[in-house]
Amino acid sequence: MAAAPNAAPKFEIAVKQSSDGKLGDCPFCHRALLTLEEKNVPYSTTLINFDAKPDWLLQVNPAGSVPVMKDLANGEWVVDSGVICDFLEKEFPQPALGLVEESPKIGLDVLPKFAGFIKSGTPEEAAEKEAELVAALGELDAYLAEHGPFIGGQQPCSTDLAVWPRLYHMQVTTKYFRGWEMPAQLAHLKAYIDAFTARPSWQHTLYTPEAIIAGWERHGVKRVV
Ligand SMILES: N[C@@H](CCC(=O)N[C@@H](CS)C(=O)NCC(=O)O)C(=O)O
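Computed from a predicted model, the values in this text were never measured in an experiment.

Rules used in this analysis
- Residues numbered from 1 in each chain as written.
- Predicted model: local features only at pLDDT ≥ 70, side-chain atom pairs only at ≥ 80, totals over all residues.
- Heavy atoms only, no water.
- Axes fitted to C-alpha atoms, helices over the stretch in contact; angles between N-to-C directions.
- Helix = DSSP H or I, 4+ residues; strand = E, 2+ residues; numbered from the N terminus.
- Parallel < 35°, antiparallel > 145°, perpendicular 65-115°, else oblique.
- Contact = heavy atoms within 4.5 Å.
- Pairing = 2+ DSSP bridges.
- Right-handed = clockwise from strand over helix to strand, strands pointing away.
- Expected span 1.5 Å × (residues − 1).
- Buried < 20%, exposed > 50% of the residue type's maximum accessible area, 1.4 Å probe, protein only.
- UniProt positions renumbered as here; feature names shortened; annotations may be inferred.
- Near = heavy atom within 4 Å.
- Polar contact = N/O pair within 3.5 Å; in protein donor to acceptor, adjacent residues only side chain to side chain.
- Areas by Shrake-Rupley, 256 points an atom, 1.4 Å probe, with all protein chains shown as cover.
- Nonpolar A, V, L, I, M, F, W, Y, C, P; charged D, E, K, R; others polar.
- Lys, Arg positive; Asp, Glu negative; His and termini not counted.
- Salt bridge = Lys/Arg side-chain N within 4 Å of Asp/Glu carboxyl O.

Undergrad: So what exactly am I meant to see when it comes to the packing of helix H6 (residues 158–178) against helix H9 (residues 209–218) here?
TA: The relative placement of two packed helices comes down to the angle between their axes together with the axis-to-axis distance. Relative orientation of the contacting elements H6 and H9 amounts to 70°, with a least axis distance of 10 Å. On the basis of their axis angle, the class for H6 and H9 is roughly perpendicular. Mapping the contact onto sequence places Tyr-168, His-169, Val-172, Thr-173, Tyr-176 and Phe-177 in H6 and Pro-209, Ile-212, Ile-213, Trp-216 and Glu-217 in H9.

Shown next, in the form of structure tokens:
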């Protein structure tokens, strides 16, 4: 059952702001937001402008990274997406997503693999990195064929919520920076993407492809198409 639309927030979560003042493209924030949504926990968001981080953020988390989440019942902060997910799992056991460490370790390497591809220099390096990305996606496709439709089986688990944002970034960036699209034969992965993008949790936490592109350009990635 979804949280009542006007339920009082139990948590305030600080997440990355995009350059146009909306929800930004951080996959770690996205994972924490998806966890709140899937567990139907009412929350409010505070958007953090990375060019003018507030002093309180650095006090709460000297690393200056987001997400950080404040428990409005006692004012205590929870720092780091994985810690937030485990905290929510313990406080709100249903629906169960599992603890981060106990959830299947599959699909998480999609992020370093596609990042290697879109950052590659020579055509030889690009071909090598593309092959590594295709291999990682193939492993995930095979896992979903056997255990799916989700990594968690019939329902998403903690790893699913980490993998969804990575796949979104992968699809947007490989297409924009390299004119590349996922091989059509990865049918289980395609069905998986269709399934999670239809979920209310996804639709409530979405940021634009433009925000993703701007985020990677800020990290120096250039278009080669
Ligand atoms: N281990 C952290 C990593 C979070 C992280 O790296 N967040 C990035 C945004 S995607 C950040 O806040 N970076 C700070 C900055 O770039 O100044 C977590 O899982 O929460």
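Undergrad: I would appreciate a short explanation of the pairing of strand E2 (residues 43–48) in the present structure.
TA: Successive side chains on a regular strand alternate, one facing one side of the sheet and the next facing the other. Summarising the sheet, strand E1 (residues 11–16) and E2 pair through six bridges and their orientation is parallel. In the strand pairing of E2, Glu-12 is matched with Ser-44. In terms of handedness, the path from E1 via helix H1 (residues 27–38) over to E2 forms a crossover that is right-handed.

Undergrad: Help me understand H1 in this model?
TA: Each full turn of the α-helix corresponds to 3.6 residues, which orients residues three or four apart in the same direction. End to end, H1 covers 16 Å across twelve residues, agreeing with the expected 16 Å (1.5 Å per residue, within 8%). Taken across its twelve residues, H1 has eleven buried, putting it largely inside the fold. Every buried residue of H1 is listed here: Pro-27, Cys-29, His-30, Arg-31, Ala-32, Leu-33, Leu-34, Thr-35, Leu-36, Glu-37 and Glu-38. Asn-40, located one to two residues past H1, shows a positive phi value of around 60°.

Undergrad: I tried to follow H6 on my own but got confused; where do I start?
TA: For H6, built from 21 residues, the straight-helix expectation of 30 Å at 1.5 Å per residue is met to within 8% by its first-to-last C-alpha distance of 30 Å. Of all 21 residues making up H6, 18 are buried, and the element is well covered by its neighbours. Two residues or fewer past H6, Gly-179 is found with a positive phi of approximately 60°.

Undergrad: Is there a simple way to explain the UniProt feature "domain: GST N-terminal" (unreviewed entry) in the protein in this structure?
TA: UniProt's entry tags residues 16–96 with the feature "domain: GST N-terminal" (unreviewed entry), counted in the numbering of this structure. The span residues 16–96 is 36% helical and 17% strand by assignment, and the distance between its end C-alpha atoms comes to 27 Å.

Undergrad: Where do I start with the site of the ligand in this structure?
TA: Taken together, Cys-26, Phe-28, Phe-50, Lys-53, Gly-64, Ser-65, Val-66, Pro-67, Asp-80 and Ser-81 make up the full set of residues near the ligand. In this structure, Asp-80 approaches the ligand through a side-chain N or O atom, which is 2.8 Å from a nitrogen atom. When the ligand sits alone it has 520 Å² of accessible area, and the protein chains cover 67% of it. Grouping the constituent residues of the shell around the ligand by class yields five nonpolar, three polar and two charged.

Undergrad: What should I look at first to understand the sheet that holds strand E3 (residues 68–71) in this one?
TA: Strand pairing in a sheet relies on backbone hydrogen bonds. The paired strands run either parallel or antiparallel. Strands sit in the order E2-E1-E3-E4 across an open sheet of four strands; the sheet is mixed. Edge positions in the sheet fall to E2 and strand E4 (77–79), since each of these pairs with one other strand and no more. The sheet shows a mean angle of 20° between the axes of neighbouring strands, direction not considered.

Undergrad: Can you help me understand the side chain of Asp-160 in this one?
TA: Tracing the backbone through its elements, the reader meets Asp-160 in helix H6. No salt bridge forms around the buried Asp-160; measuring N to O, its nearest opposite-charge neighbour Arg-199 is 8.6 Å away. There is a polar contact of 2.5 Å between the side chain of Asp-160 and the side chain of Tyr-192. Not counting chain neighbours up to four residues away, the residues in contact with Asp-160 comprise Phe-150, Ile-151, Gly-152, Gln-155 and Tyr-192.

Undergrad: Explain the pattern of salt bridges here, please?
TA: When the charged atoms of two side chains lie near each other, side chains of opposite charge can form a pair. All told, the structure shown has eight salt bridges when counted by the stated rule. Here Asp-25 and Lys-16 are joined by a salt bridge, their closest N and O atoms 2.7 Å apart. A residue is classified by how much of its surface remains accessible, and Asp-25, at 7% relative accessible area, is buried. Here Asp-194 ties to Lys-190 by a salt bridge, and the two come within 3.0 Å at their closest N and O atoms. Placement of the pair is Asp-194 and Lys-190 together in helix H7 (residues 187–197), with a separation of four residues, close to one helical turn.

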